[in-house]
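Next come the chains, spelled out residue by residue.
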Amino acid sequence: MINLNLLPKRYRKRTLPSAWRLATFVAGILVLGSIGFVHYQTQASINRLENQKEQLRLEVELLRSYIAEQNKLQQKQRELEALANVSRQVRAKFRPWADYLARFLLELPSKNGRLEVRLETLSVKSIDPEKAKRVYGIPADVEFTFRGRAASRNVLVQMVKTFETNPGFGIDFQKAEHDLKTGIYRFSASVGMITKVENEAAR
């Protein structure tokens, strides 16, 4: 059977060659395949990231108790460090006053284990070493201020000489009064003492 198209050329249905139709079909398939492949890769990446996120969330949950414990330990460490700082400051300012008093009393004149000087008043305090240099001639950091009685002039002289010649002490002898009836000397003085001398001797 023969088909004849008797319509004018301008009304005839145009058809593409079969090769072009095949190329168009193949191109469409490739485009759809590329889109599908990109979509698959994107979805796979999203799934992988979601899995990683879930794993990280689980790890955080597992480590949460350890993190809380570590935070508590760090807080405890900070508290202990603060206490240690306070302890160091206290030790730095601590003064063994009993030891200082014992050193001072050992320098007073004595006979047969008994002091020949009777102290009526005694006070002790810290003193600035620079100020002590001007008063006692040594950088003392502890000062004894006292009043007392000496049985004789020799005892009084011996006491003053002891504090003048001992490198760890200095004396500011203020006054002395002699009671002619009893022969007793009343006096007042202050003594500066270098506490580091004892520390260096103990090393």
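Located above this text is the structure these notes cover.
Residues numbered from 1 in each chain as written. Predicted model: local features only at pLDDT ≥ 70, side-chain atom pairs only at ≥ 80, totals over all residues. Heavy atoms only, no water.

A. A look at the overall build of the protein chain. Each helix and strand in the protein chain was counted, giving five helices and six strands. Counting from the amino terminus, helix and strand elements in the protein chain follow one another as α-α-β-β-β-α-β-α-β-β-α. Here the protein chain, with 203 residues, has 18% of them falling under the buried criterion. Partitioning the contacts of the protein chain with sequence separation of at least 6, the portion at a separation of at least 24 is 62%. Accessible surface for the protein chain amounts to roughly 16,300 Å². Of this, 57% is attributable to carbon and sulfur atoms. (Helix = DSSP H or I, 4+ residues; strand = E, 2+ residues; numbered from the N terminus. Buried < 20%, exposed > 50% of the residue type's maximum accessible area, 1.4 Å probe, protein only. Contact = heavy atoms within 4.5 Å. Areas by Shrake-Rupley, 256 points an atom, 1.4 Å probe, with all protein chains shown as cover.)

B. Representation of the nonpolar core. With 20 residues, the main nonpolar core has Phe104, Phe144, Phe146, Met159, Phe163, Phe187 and Val191 as its most contacted residues. Within the residue set of this core, elements represented by two or more residues are helix H2 (97-107), strand E4 (142-150), helix H4 (153-165), strand E5 (169-178) and strand E6 (185-193). Residues in contact with Phe104, not counting those within four places in the same chain, are Leu119, Leu122, Phe144, Phe146, Phe163, Phe169 and Val191. Listed in part, the six residues of the second largest apolar core include Ile127, Tyr136, Ile138 and Ile194. (Core = buried A, V, L, I, M, F, W, Y, C linked by side-chain atoms within 4.5 Å.)

C. Just the sheet that holds strand E3 (residues 117-126), in detail. In spatial order, the strands read E3-E4-E6-E5; together these four strands make up an open sheet with antiparallel pairing. Two strands lie at the open edges of the sheet, namely E3 and E5, each paired on one side alone. Each adjacent strand pair in this sheet contributes to an overall mean axis angle of 15°, direction not counted. Sheet strands in contact with helix H3 (residues 129-136) are E4, E5 and E6, and its direction is about 45° off that of E5. H4 contacts E3, E4, E5 and E6 of the sheet and is inclined by roughly 160° relative to E5. (Pairing = 2+ DSSP bridges. Axes fitted to C-alpha atoms, helices over the stretch in contact; angles between N-to-C directions.)

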